[in-house]
Amino acid sequence: MIRALLRRAGQALITLFVAGLVVWSLQLVAPGDPARRVLGALGFSNPTDEQIASTRRDLGLDVSAPQRFLRWLFNAVTGDFGTSWRTGRPVAGELLDRLPATLRLAVVALFFALLLAVPLALVAARWRGRAPDLGARTVMFLGAATPSFVVGTVVLELIVLRGGIGRVLADGSWGGAALPAIPLALGAGAGWARVLRTSLVEVSDASFIQVSQARGATPLRRLVVHAMPSALPALLAAIGLTVGSLLAGAAVVETVFTWPGVGRYLIEAIGARDVPVVQATVLLGVLGYVVVSTVVDGVTIAITGKAQR
């Protein structure tokens, strides 16, 4: 088990390194001169050659590409993502200002997704092959197939504009996170419900479930008490694959709901071709995905190891 955990940690480090290399390569294909963009953001509409040369030195553009990558990688590890080409401010500071709002949205979306996934899976597994199962699987399919921006637009139109519930201009608080979290939770919860239902159905045919049935356990007790612990590794794996992507999926939803988070910050940076901001936000999303999936894999390995012993 220890070897498996160490191997998974090594894979996570390799993934982060490769992702960092790909993200840094955006600088090589970005149009325009970064020094001129930064000076323009600082108010220098017609910078001199000396100012451009000095700014290029400050940005580390006066050295070779491998040196720039190693310097950028070291700075990124220490939390320095450079200067925004659009605002002239440190990217790390702007990210820290917006990260709490995105984390609030992700936590609320995770909670809603679990509230949707677990009951749906239990209903589908309890009445397998019958009308409740068909209805639950229909909800799962529709939730997984409907794009988050479509759900977000419908929620904004029906609940906020027509129903007068919530705010059009979100403030990033816990109280305002419920409505933007619905589009994110719907897709994630539907996918988790499908995985959990499949796992519960497979476990329901195991011999220990039949033994509990012979002892008089009710169908619901067999699912929740006996089958659910064995089905949890599959659910945890699905959560690990999805939670990290909530940051990426939040970009569209945050834009629809004007949520002041990292996702909206990324969309604005893409529109302005602000490469340092795009690099930092994409790398942050990759980091979140890798960390969550690694932790989930570690928990799954630990649970599986205990089960085997």
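1. So, the overall build of the chain
Now for step 1: On a plain count of helices and strands, the chain comes out with 13 helices and 0 strands.
Now for step 2: The helix and strand sequence of the chain, counted from the amino end, reads α-α-α-α-α-α-α-α-α-α-α-α-α.
Now for step 3: Every one of the 309 residues in the chain was classed for burial, and the buried ones make up 39%.
Now for step 4: Of all intrachain contacts in the chain linking residues separated by at least 6 positions in sequence, the fraction that spans at least 24 positions is 75%.

2. A word on the environment of Gly135
Now for step 1: You can see Gly135 is positioned in helix α7 (residues 131-145).
Now for step 2: C-alpha separation for the pair Gly135 and Leu120, spaced 15 residues apart in sequence, amounts to 9.3 Å.

3. Re a nonpolar patch on the surface
Now for step 1: Side chains of Phe149, Val150, Val154, Leu158 and Val252 sit close together on the surface and give an oily, nonpolar patch of about 390 Å² of accessible area.
Now for step 2: Tracing the chain through its elements places Leu158 in helix α8 (residues 148-162).

4. A look at the environment of Leu110
Now for step 1: One can find Leu110 in helix α6 (residues 91-126).
Now for step 2: Remark: the alpha-carbon pair of Leu110 and Ala181, spanning 71 residues in sequence, is separated by 8.3 Å.
Now for step 3: Residues in contact with Leu110, not counting those within four places in the same chain, are Trp192, Ile239 and Val243.

5. Looking at the nonpolar core
Now for step 1: Counting residues in hydrophobic clusters, the biggest one holds 26 residues, and the most contacted among them are Met140, Trp192, Leu196, Leu200, Leu223 and Ala227.
Now for step 2: Broken down by secondary-structure element, the contributors of at least two residues to this core are α6, α7, α9 (178-204) and α11 (219-256).
Now for step 3: Excluding residues within four positions of it along the chain, Leu223 makes contact with Leu122, Ala125, Arg126, Leu200, Ser204 and Met228.

6. Considerations on the pattern of salt bridges
Between side chains of opposite charge, a pair can form when the charged atoms approach closely.
Now for step 1: Following the criterion strictly, the structure yields 7 salt bridges and no others.
Now for step 2: For the salt bridge of Asp133 with Arg137, the shortest nitrogen-to-oxygen distance reads 3.4 Å. In this pair, Asp133 and Arg137 both sit in helix α7, 4 residues apart, roughly one turn of the helix.
Now for step 3: The exposure class of Asp133 is buried, given its relative accessible area of 0%.
Now for step 4: Given a relative accessible area of 40%, Arg137 falls into the partly exposed group.
Now for step 5: Measuring nitrogen to oxygen at the nearest pair gives 3.5 Å for the salt bridge that ties Glu268 to Arg264. Of this pair, Glu268 and Arg264 are both found in helix α12 (residues 262-272), 4 residues apart, which corresponds to roughly one turn of the helix.

7. A closer look at the confidence of the model for the chain
Now for step 1: Per-residue confidence for the chain gives a mean pLDDT of 83; residues scoring 70 or more make up 94%.
Now for step 2: By mean pLDDT, helix α2 (residues 26-29) is the weakest element of the chain at 74, and α7 is the strongest at 92.

8. Quick notes on the packing of aromatic side chains
Now for step 1: Under the defined criterion, the tally for this structure stands at 4 aromatic pairs.
Now for step 2: Pairing Phe17 with Phe69 gives two aromatic rings, centres 5.9 Å apart and planes at 80 degrees, and the pair type is edge-to-face. Placement of the pair is Phe17 in helix α1 (residues 2-24) and Phe69 in helix α5 (residues 65-77), with a sequence separation of 52 residues.
Now for step 3: Considering the side-chain rings of Phe111 and Phe112, the 6.1 Å spacing of their centres and the 45 degrees angle between planes classify their relative orientation as tilted.
Now for step 4: Arg98 extends its terminal NZ or CZ atom over the ring of Tyr265, reaching a point 4.3 Å from the ring centre.

9. Let's talk about the side chain of Thr281
Now for step 1: Examined against the element boundaries, Thr281 turns out to sit in helix α13 (residues 275-308).
Now for step 2: Within the structure, the side chain of Thr281 is placed 2.8 Å from the backbone oxygen of Val277, a separation counted as a polar contact.
Now for step 3: Looking at Thr281, its side chain comes within polar contact range of the main-chain oxygen of Val278, at 3.1 Å.
Now for step 4: Other than its neighbours up to four places away in sequence, Thr281 contacts Leu95, Val262, Tyr265 and Leu266.

10. A closer look at the packing of α6 against α7
Now for step 1: Contact geometry for α6 and α7: axes closest at 7 Å, N-to-C directions at 145 degrees. In the packing of α6 onto α7, the handedness of the crossing is left-handed. Residues Leu120, Ala121, Val123 and Ala124 of α6 lie in contact with α7, whose contacting residues are Pro132, Asp133, Ala136, Val139 and Met140.
Now for step 2: Taken together, the residues that form the contact of α6 with α7 break down as 8 nonpolar, no polar and 1 charged.

11. Some words on unusual backbone geometry
Now for step 1: Of note in the backbone geometry, Thr258 takes a positive phi value of approximately 50 degrees without being a glycine.
Now for step 2: You can see Thr258 is positioned in the loop between α11 and α12.

12. What to know about the packing of helix α3 (residues 34-41) against helix α4 (residues 49-58)
Helix packing geometry: the angle between the two helix axes and the distance between the axes.
Now for step 1: Remark: α3 packs on α4, axes separated minimally by 9 Å, with the N-to-C direction vectors making an angle of 105 degrees. In this view, α3 runs roughly perpendicular relative to α4, as classed from their interaxial angle. Two secondary-structure elements touch here, α3 through Ala35, Arg36, Val38 and Leu39 and α4 through Gln51, Ile52, Thr55 and Arg56.
Now for step 2: By residue class, the composition of the contact of α3 with α4 is 4 nonpolar, 2 polar and 2 charged.

What counts, and at which threshold
Residues numbered from 1 in each chain as written. Predicted model: local features only at pLDDT ≥ 70, side-chain atom pairs only at ≥ 80, totals over all residues. Heavy atoms only, no water. Helix = DSSP H or I, 4+ residues; strand = E, 2+ residues; numbered from the N terminus. Buried < 20%, exposed > 50% of the residue type's maximum accessible area, 1.4 Å probe, protein only. Contact = heavy atoms within 4.5 Å. Patch = residues over 30% accessible without salt bridge, like charges linked within 9 Å, V, L, I, M, F, W, Y side chains within 5 Å. Areas by Shrake-Rupley, 256 points an atom, 1.4 Å probe, with all protein chains shown as cover. Salt bridge = Lys/Arg side-chain N within 4 Å of Asp/Glu carboxyl O. Core = buried A, V, L, I, M, F, W, Y, C linked by side-chain atoms within 4.5 Å. pLDDT = per-residue confidence, 0-100. Phe/Tyr/Trp six-rings, centres within 6.5 Å; stacked < 30°, edge-to-face > 60°. Lys NZ or Arg CZ within 6 Å of the ring centre and 35° of its normal. Polar contact = N/O pair within 3.5 Å; in protein donor to acceptor, adjacent residues only side chain to side chain. Axes fitted to C-alpha atoms, helices over the stretch in contact; angles between N-to-C directions. Left-handed = near helix turned anticlockwise from the far one by under 90°. Nonpolar A, V, L, I, M, F, W, Y, C, P; charged D, E, K, R; others polar. Parallel < 35°, antiparallel > 145°, perpendicular 65-115°, else oblique.

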